[in-house]
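Inside the fold
So you can see what is in the structure, the chains are spelled out below.
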Amino acid sequence: MPCPSTLGSVRLWPVLAAAALVLLAGCAGSPLRSYNKEMQGAVALVRSGDVNGALAQLEANNASSFSSGDASGNPDGKDKTVLDSVTGKDILYYFEKGELLRLNSEYEQSRDAWLQADEIVRIWEDEYRVNPTKVIGEIGAYLVSDRVRRYDGHDYEKVFLSTKLMLDHVMLGNLEHARIEMKKTFEREKLIESFREEEYARIQEEEKKQNVSPTLGGLNEGGYPMDELNSPEVRALKNGYQNAFAHYLSGYFFELRGENSLAAPGYRNALALRPDSKLIRDKVDKVGRARPGPGEADVLFVVESGFAPAWKSILIPLPVPVNKKRVVAPLSFPVIIADDSVFVPPSLNVGGKVLPVETLVNVDALARRQLKDQLPGIMGRTVIRALVKSALQYQAKRKGGSGTAADVLTTLMTVTSERADERAWRTLPARLAIARAILPAGEQAIEFRTGNGVYRGKIMIDSKLSIVPIRLADDFVYVGQRGAQGTTTPDPEEAEEEEEEAAAGEEEAGEEEEDKDKARVRAVPARRAVTPPRRAVVPPRGGVLPRGFIRPR
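This is a predicted model, so every value here is computed, not measured.

Right, let's talk about the overall build of the chain for a bit. A count of helical and extended segments in the chain gives 18 helices and 12 strands. Residues counted as buried form 50% of the 553 residues belonging to the chain. Contacts in the chain between residues at least 24 apart in sequence constitute 76% of all its contacts with a sequence separation of at least 6. As displayed, the chain offers around 25600 Å² of accessible surface, 53% of which is attributable to carbon and sulfur atoms.

Our focus in this paragraph is the packing of helix H3 (residues 35-48) against helix H4 (residues 51-61). It is at 8 Å that the axes of H3 and H4 come closest, and there the two elements cross at 165 degrees. Taken together, H3 and H4 sit at an angle that is classed as roughly antiparallel. Handedness of the crossing formed by H3 with H4: left-handed. Residues Glu 38, Met 39, Gly 41, Ala 42, Leu 45 and Val 46 of H3 form the contact with H4, whose own contacting residues are Gly 53, Ala 54, Gln 57, Leu 58 and Asn 61. Across the contact of H3 with H4, the residue classes break down as 6 nonpolar, 4 polar and 1 charged.

Here the focus is the environment of Tyr 94. Considering the arrangement of structural elements, one finds Tyr 94 in helix H5 (residues 91-103). A relative accessible area of 2% means that Tyr 94 is categorised as buried. Put simply, Tyr 94 and Trp 425 are 331 residues apart on the chain and 9.7 Å apart in space, counted from C-alpha to C-alpha. Ignoring sequence-local partners within four residues, the contact set of Tyr 94 consists of Asp 79, Thr 81, Lys 89, Ala 113, Trp 114, Gln 116, Ala 117 and Ile 120.

As a further point, take helix H9 (residues 155-171). Compared with the 24 Å implied by 1.5 Å per residue over 17 residues, the 25 Å span of H9 between its first and last C-alpha is a close match. By the criterion of burial, H9 is predominantly enclosed, with 16 of the 17 residues buried. Positive phi shows up at Gly 173, right after H9, with a value of about 80 degrees.

With that out of the way, let us pick up unusual backbone geometry. You will see that Ser 105, though not glycine, has its phi angle at about 60 degrees, which is positive. Checked against the element boundaries, Ser 105 lands in the loop between H5 and helix H6 (107-130).

Burial of the side chains of strand E4 (residues 347-350) is restricted to one face: Leu 348 and Val 350 are buried, whereas none of Ser 347 and Asn 349 on the reverse face is. Note: E4 against strand E5 (residues 353-356), 4 bridges, orientation antiparallel. When the bridges of E5 are listed, Ser 347 appears paired with Pro 356. Here E4 pairs with strand E8 (residues 442-450) via 2 bridges, running antiparallel. For Asn 349, the partnering residue across the bridge sits in E8 and is Glu 447.

Right, let's get into the pattern of salt bridges. Scanning the model with the defined rule gives 37 salt bridges in all. Of the charged contacts in the structure, one is a salt bridge between Glu 125 and Arg 188, with a shortest N-O distance of 2.7 Å. Taken together, the residues span a long stretch of sequence, with Glu 125 in helix H6 and Arg 188 in helix H10 (residues 175-210) at a distance of 63 residues. Under the relative-accessibility criterion, Glu 125 is labelled buried at 6%. Judged by relative accessible area, Arg 188 falls into the buried class, the value being 1%. The salt bridge involving Arg 196 is made with Asp 155; its shortest N-O contact spans 2.8 Å. Remark: Asp 155 occurs in helix H9 and Arg 196 occurs in helix H10; sequence separation between them is 41 residues. Residue classification places Arg 196 among the partly exposed residues on the basis of a relative accessible area of 22%.

Position of Ser 463 relative to the elements: it lies in the loop between strand E9 (453-461) and strand E10 (465-473). Under the relative-accessibility criterion, Ser 463 is labelled partly exposed at 29%. Spatially, the C-alpha atom of Ser 463 lies 6.1 Å from that of Ala 297, the residues being 166 residues apart in sequence.

With that out of the way, let us pick up the packing of helix H13 (residues 244-256) against helix H14 (residues 260-273). In contact at an axis separation of 7 Å, H13 and H14 are set at 160 degrees when each is read in the N-to-C sense. The orientation of H13 relative to H14 falls into the category roughly antiparallel. As H13 runs across H14, the sense of the crossing is left-handed. For the pair H13 and H14, the contacting residues are Ala 244, His 247, Tyr 248, Gly 251, Tyr 252, Phe 254 and Glu 255 in the first and Asn 260, Leu 262, Ala 263, Gly 266, Tyr 267, Asn 269, Ala 270 and Leu 273 in the second. Class assignment of the residues belonging to the contact of H13 with H14 gives a composition of 9 nonpolar, 5 polar and 1 charged.

This brings us to the pairing of strand E6 (residues 358-362). Burial of E6 is extensive: 4 of the 5 residues sit out of reach of the surface. When E6 meets strand E7 (residues 431-440), the two strands line up antiparallel, connected through 4 bridges. By the bridge assignment for E7, Thr 359 is matched with Ala 433.

So, about the nonpolar core. Membership of the largest hydrophobic core comes to 90 residues, with the highest contact counts inside it found for Tyr 224, Phe 245, Tyr 248, Leu 300 and Phe 333. Sort the elements by how many residues they give to this core and helix H16 (residues 363-400) lands first, with 11 residues. Listed in part, the 22 residues of the second largest apolar core include Val 303, Leu 355, Ile 459 and Val 477.

Turning to the sheet that holds E7, a few remarks are in order. With mixed pairing, 5 strands are arranged side by side in an open sheet as E6-E7-E1-E10-E11. At either end of the open sheet lies a strand with only one pairing partner, and these are E6 and strand E11 (476-479). This sheet shows a mean twist of 20 degrees between the axes of neighbouring strands, independent of strand direction. In this structure, strand E1 (residues 296-305) lies alongside E7, joined through 10 bridges in antiparallel fashion. Pairing of Ser 305 across the sheet is with Arg 431, part of E7.

Rules of the game
Residues numbered from 1 in each chain as written. Predicted model: local features only at pLDDT ≥ 70, side-chain atom pairs only at ≥ 80, totals over all residues. Heavy atoms only, no water. Helix = DSSP H or I, 4+ residues; strand = E, 2+ residues; numbered from the N terminus. Buried < 20%, exposed > 50% of the residue type's maximum accessible area, 1.4 Å probe, protein only. Contact = heavy atoms within 4.5 Å. Areas by Shrake-Rupley, 256 points an atom, 1.4 Å probe, with all protein chains shown as cover. Axes fitted to C-alpha atoms, helices over the stretch in contact; angles between N-to-C directions. Parallel < 35°, antiparallel > 145°, perpendicular 65-115°, else oblique. Left-handed = near helix turned anticlockwise from the far one by under 90°. Nonpolar A, V, L, I, M, F, W, Y, C, P; charged D, E, K, R; others polar. Expected span 1.5 Å × (residues − 1). Pairing = 2+ DSSP bridges. Salt bridge = Lys/Arg side-chain N within 4 Å of Asp/Glu carboxyl O. Core = buried A, V, L, I, M, F, W, Y, C linked by side-chain atoms within 4.5 Å.

Encoded structure:
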């Protein structure tokens with residue numbers, strides 16, 4: 001139970017919190033939104049190739065109910081962020097906007113959106129450096145929910161933001177800015193490591209003060225899917241924020257600029273994070289050896305697939321000490337919901353060369369590893385929150401009895417706020433893979449398998465530092481070069497296999513039906529005739545069409 005002084009300091013809190021919850025529910029940047037549901041429509045539009053529609057929906061979802069002025073809700077025409085006001089655009093808006101603009105090959109606008117997101121992360125970093133207690137020990141998170149805190153991004157999202165900015169700068173030819181982002185990535189990883197260690201220590205201190213010692217065993221017994229956090233791929237990761245691609249990209253960048261002493265550490269760091277990668281291992285021992293000749297380029301293909309997992313809140317019953325008694329209370333915890341439609345092509349065929357594709361980052365595994373590492377802290381905050389809420393309800397009933405305004409508002413706060421944080425960067429890819437080769441400069445044909453067939457198109461290789469971004473999003477393929485065109489058609493081999501399987505199934509069904517008919521004919525010869533089975537037509541699976549085309553229905 002919290003001490004009397006603690007309770008006294010929060011007597012008015014239920015009333016204020018309840019009012020704030022009602023108001024915030026209508027705000028575009030409200031942490032009480034159901035963010036995953038909100039983004040489902042935008043993600044579906046990206047899957048179908050309608051990025052502009054997804055952008056329009058993103059803007060509509062983030063239009064503040066309390067704003068006035070121009071379309072952005074500000075008389076000066078500039079975005080207001082959560083750093084400016086509670087109704088400002090949050091970091092997720094800039095995460096999603098930057099990714100959608102990048103899919104449209106609008107790299108300048110994508111960079112600018114991500115720089116806005118980076119400013120929010122930078123403020124978080126500065127706050128932690130100056131006053132760790134403010135960032136770690138926000139009492140509001142204990143009283144209401146993790147999701148009322150300003151969302152500064154999951155750890156893996158913060159690192160990915162730097163990686164994405166690196167790519168944008170390279171695509172725009174701003175190589176010095178790309179170099180700055182590479183340095184910032186390493187610094188950000190170190191700061192996140194320090195933050196999580198200190199945060200966990202503070203939560204343990206708070207648990208001792210509250211005389212509680214929650215364990216993950218109780219979660220498992222309550223039905224929490226702990227096995228999903230203990231898969232071999234999750235356990236193989238060093239942590240839930242570093243990604244091998246960021247370090248490999250650093251190695252690639254410095255190697256092509258002739259700075260081999262800086263390239264080698266990048267490759268080594270990438271190998272430490274992905275020790276099973278043949279592509280990385282080959283580069284560690286051969287930095288600077290394979291150089292493009294005249295009229296050639298060392299090309300890096302960045303192949304992204306699917307969408308990052310959603311976070312969902314579930315309730316798990318756990319015993320909580322309330323007024324010297326142990327009461328089983330439903331407490332909220334986050335779980336990871338994976339994208340089941342992810343397809344990574346095994347290889348790319350470029351200009352007649354077959355290039356193997358290797359997955360360097362599994363964002364689903366990163367998210368689960370982050371959740372696994374942070375679950376003890378989440379559990380500690382959740383149990384402490386339950387204790388404080390129970391104390392507030394007990395106080396409200398003791399002072400005025402059940403049914404009073406204070407009791408009703410306290411109950412409203414408890415019910416409304418008991419939900420785990422579901423916010424996450426949804427348009428981030430689920431998998432990031434690479435392929436690499438020295439290729440002739442100029443226009444090259446590219447071909448690779450997708451989940452719906454074979455993509456065929458053209459790309460342009462025109463510089464020594466050449467990166468080709470590719471994104472597979474179910475029904476659509478995005479190739480991140482301005483003017484790049486291509487189409488996806490059904491794979492003839494797959495279509496033939498499907499037709500053969502269907503024909504075999506029909507033949508078997510036909511034989512069974514014929515046997516039944518013969519039996520019926522023997523039983524009633526004068527009244528029953530054998531009808532041959534009808535052969536079904538098996539249409540080939542539809543492919544991805546170029547932008548501007550509509551799939552026939």
